[in-house]
Each structure stands twice: as structure tokens, then as C-alpha cells.
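Remarks on the overall topology
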Amino acid sequence: MSTVPRPARHRRLLLWFLLLAGVLATGHALVWHHVTGRLEAGFQDWAEGRRAQGWQVTHGTPRAGGWPFLATLILPDLALTPPSGFGWRTERAELSLRPTDPGLLHIAAQGRHVLYRAGWDWPFTAESLTADLPLAGSGPPAGVTLRGAGLRLGGAPGAEQGMGLDALEARIDGQDTSPGGPGLVLTAALRGLSLPGAIGGLLPGGRVDTATLDAALNGPLPGGLFSAAPPARRAAAWRDAGGTLELRALTLRAGAVAASAAATLALDGGLQPVGAGTLRLFNPDLVLEALLRAGVIDPRNGGLARSLLPMLQRPGAAGGPPQLEVPVTLEQGRLTAARIPLLRLPPLAWD
């Protein structure tokens, strides 16, 4: 009985191993090229679809990358302008798909960014700015997640420089077309919002430590989110269909001051916001004094509020800060709390 010498057997095993590795690498390369091609074709189809709806979509020459673990499409100088004219552009956007999870599109925007509309630009930078979009199904995406870190904003007309945001995470759920269903659901959390100027003067250190939002836009959205129809016409159609904006929970904390609110808003016959809700303040005396210093509350109303505050607030639980819970209303551009006028809002100019 003949036997194969050990060195020959080792060489044969090594040959089979190299052959198998070559087959796997070739297969992986084919999958990578397929996914990359599908990514570029999918983006071009999306861009053409948006252009047919009146969008402007521009970018430099795309190029593929990401081998071996990702399929990426790099788009230099990407600019997206919906029919509303309020657009966004970035120096570089990278779209990526993992061959093992081709149903999730990851977008990373890098470099400098600009929000713009006719007549003004609002440049900002970000240490990171990413979005994850599920691609499964033919309808609106089941959920879009946006994350950002180290955002530094500035350049809006009439605004001072120095606005910044340490971290942001938001989730947007797509349109529900069922009667009375939420057309859009938004949850968001931010940390370290620095506000310059008069607005920042209302807050300790000019900074919001944390804020959260849970809101739902109820009712059908005529033409979808980015319809080319005139905004006033879309707003009237949404109002006539019973549309409401539900602020399920809004929270804010800045130093020793904290607040939470819940409200339901709609549009009146003049397409102006109206609504009612509840506002809860922690350390309300500090809030009142800040509003008076900033001139938000008229001194005469401030004197009335000072006299009523001890009767309206209650001690906090377990030795916590005093709390005040009051009904708030918005009607004819006036925001009131416990029937005390707080401020007048400028009218919405839809067109």
C-alpha cells in the first residue's frame, strides 16, 4: 500500500486552500461589484425621480469604493434642492451598503455643509453627520435615523455666529396613509445646544444641556413631504382633512431650569397656528426672571405673574425644586399661560 509523502500532502492541502480562497475572493468581488452597481443605479433612479418632481439634484463624478467590506458610492459636491427652494449641499457624501445587509443604506456627509434658500446661505460644519435609511418595501421608509456630532452653525440672516450642538439623534418614520393616522412621526434628542445673543441670554450659560421631542404630524400629507404644490395650498388641504400637529412630549433642561410640555396644534381659517396644551416648569421663579430680563414678558404682566407664582407653584417631590403646571393656549398669534399673555408670534407667511 503506497502512501503520499508528508511534504507532498502539505503542498496539496495548501493548493486546495489557495484555490478555495481564490474562489471565495472572486465570489466576494462579484457580489461587491453587483452591490456597488445596484447602489449607483439606485441613486441615479432616485435622482431622476426627484428631478421629475421639480427637484434640483447636482453632484460631481461618482466613484465606487469601500472594498472589501463595504460597497460605497462617493458623491463630491452633492446639492439637493426640493421645489420649496430650501436646499442642502455638502462637499462630499458617501453612500454605502454592506453586502451582508443590502437593505440598509448608510449616508455619511463630510466636510463643510450649507443650508440655503434664495437670498441667503447658512454654512455649518460637523465632526460627523450620518443617516441610515431602510430600503425594503415600495412605500415610504419604515424609519430613518439621523445622527450628528460637533455641529457648529452660523450665517443665517440676522443671526449671530457661535451657535453649536454637541450631539443630535433623530428618527423620522414615514407617512401613514390611513384615515387619521400619523403622516409623520419624529423623535429627537439633543445635547449641548449653545445659543448666542438674546435667546442664549434666557438660559444659564446660554446653553441647553438636553432636550427631547416626540411629535406626530397627523393626517394625510398632500403630495408627500416634498410636493411641488404651493405651500399655502398644501397647508389648506392638510387643515381641511383634519390635520393636527401633536406634541406628545417636549422636554428641556438648562442648568437648574427644566421644562416639559405637551400640546395639540392645528391651522385656523387664515392658516395660522392655534392650539392648547400643558406646560410644566421646574424652578419657575428662575424662568420668570429670565423672561423679564430679556423683555419677553411685559413688566406689568411680570408683576402680576410674581404675585400669582407662590399660589400656583407646588413643592417638588422628595425635596426637589418647586414646580408649576399651567395650561397654555395659542390663538390669533398670542401665546398665553394661565391666561397671562406671554408673547406675540409673527404670522406665518406660507408663500
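Please read these numbers as outputs of a predicted model, since none were measured by experiment.

Digging into the overall build of the protein chain
The number of helices and strands found in the protein chain is 5 helices and 17 strands. Put simply, the protein chain has 351 residues, and 30% of those count as buried. Contacts in the protein chain between residues at least 24 apart in sequence constitute 49% of all its contacts with a sequence separation of at least 6. Of the roughly 20,300 Å² that the protein chain leaves accessible, carbon and sulfur atoms contribute 63%.

Points about the confidence of the model for the protein chain
A low pLDDT score tells you not to read the predicted coordinates there in detail. Across the protein chain, pLDDT averages 78, with 74% of residues at or above 70. Between residues 155-160, whose pLDDT stays under 50, and residues either more than four places distant or in other chains, the model counts 9 contacts.

Description of the side chain of Ser96
Relative to the elements of secondary structure, Ser96 occurs in strand S4 (residues 87-98). Here Ser96 falls in the buried class, since its relative accessible area comes to 5%. Those residues in contact with Ser96 that sit more than four places away from it in its chain are Leu39, Ala71, Thr72, Leu104, Leu105 and His106.

Some words on unusual backbone geometry
A positive phi angle is found at Asp77, which is not glycine, with a value near 50°. With respect to the secondary-structure elements, Asp77 resides in strand S3 (residues 71-81). Of note, the phi angle at Leu271 is positive, near 60°, even though the residue is not glycine. For Leu271, the location among the structural elements is in the loop between strand S13 (257-267) and strand S14 (273-282). For Leu271, a relative accessible area of 10% gives the class buried.

A closer look at the environment of Asp77
On the basis of relative accessible area, Asp77 is assigned to the exposed category, the value being 52%. As a C-alpha pair, Asp77 and Thr90 span 13 residues in sequence and 5.7 Å in three-dimensional space. If we ignore the near neighbours within four places in the chain, the residues touching Asp77 are Thr58, His59, Gly60, Thr90, Glu91 and Arg92.

Describing the layout of surface pockets
Its boundaries defined by the atoms lining it, the second largest pocket holds a volume of some 1,500 Å³. Looking at the second largest pocket, it is lined by 50 residues, and the ones nearest its centre are Leu279, Leu281, Leu291, Leu335 and Leu342. Classifying every residue of the lining of the second largest pocket by side-chain character gives 42 nonpolar, 7 polar and 1 charged.

Considering the environment of Thr244
Position of Thr244 among the secondary structure elements: in strand S12 (residues 244-254). When the C-alpha positions of Thr244 and Pro220 are compared, they lie 10.0 Å apart, and in sequence the two are 24 residues distant. Sequence-distant contacts of Thr244, defined by excluding residues within four places in its chain, comprise Ala216, Leu217, Asn218, Trp238, Thr264, Leu265 and Ala266.

A look at the pattern of salt bridges
Enumeration according to the criterion identifies 14 salt bridges in this entry. Arg112 serves as the salt-bridge partner of Glu91, at 2.8 Å between the closest nitrogen and oxygen. With Glu91 in strand S4 and Arg112 in strand S5 (residues 101-117), the pair connects residues that are 21 residues apart, well separated along the chain. Judged by its relative accessible area of 32%, Glu91 is partly exposed.

A word on helix H3 (residues 231-240)
Of the positions making up H3, those classed as buried are Ala232, Ala235, Ala236 and Trp238. Down the axis of H3, the buried side of the element spans an arc of 160°, and every buried residue falls inside it. Turned more than 90 degrees away from the buried face of H3, the exposed residues are Arg233 and Asp240. The inward-facing, buried residues of H3 abut strand S11 (207-218), S12 and S13. Positive backbone phi, approximately 85°, marks Gly242, located one or two places after H3.

Some details on the nonpolar core
If you look at the biggest cluster of nonpolar residues, it comprises 24 residues, and the most contacted ones within it are Phe43, Leu78 and Leu95. Residue assignment for this core shows that the elements contributing at least two residues are helix H1 (6-52), S3, S4, S5 and S11. Beyond its immediate sequence surroundings of up to four residues, Leu78 is in contact with Phe43, Thr58, His59, Trp88, Arg89, Thr90 and Ala93. Core analysis: the second largest hydrophobic core is formed by 13 residues, Val287, Ile297, Ala305 and Leu309 among them.

What about the pairing of S3?
Along S3, 9 of the 11 residues are buried, which leaves the element largely enclosed by surrounding structure. Two strands pair when backbone bridges link them, and strand S1 (residues 56-58) and S3 are joined in this way by 3 bridges, in the antiparallel orientation. Note on S3: the bridge partner recorded for Thr58 is Ala79.

What counts, and at which threshold
- Residues numbered from 1 in each chain as written.
- Predicted model: local features only at pLDDT ≥ 70, side-chain atom pairs only at ≥ 80, totals over all residues.
- Heavy atoms only, no water.
- Helix = DSSP H or I, 4+ residues; strand = E, 2+ residues; numbered from the N terminus.
- Buried < 20%, exposed > 50% of the residue type's maximum accessible area, 1.4 Å probe, protein only.
- Contact = heavy atoms within 4.5 Å.
- Areas by Shrake-Rupley, 256 points an atom, 1.4 Å probe, with all protein chains shown as cover.
- pLDDT = per-residue confidence, 0-100.
- 1 Å grid on protein atoms, 1.4 Å probe; cavity = no way out; pocket = protein on both sides within 12 Å on 5 of 7 lines; lining within 4 Å.
- Points joined across faces, edges and corners; volume = space filled by probe spheres on them.
- Nonpolar A, V, L, I, M, F, W, Y, C, P; charged D, E, K, R; others polar.
- Salt bridge = Lys/Arg side-chain N within 4 Å of Asp/Glu carboxyl O.
- Arc of directions from axis to C-beta.
- Core = buried A, V, L, I, M, F, W, Y, C linked by side-chain atoms within 4.5 Å.
- Pairing = 2+ DSSP bridges.

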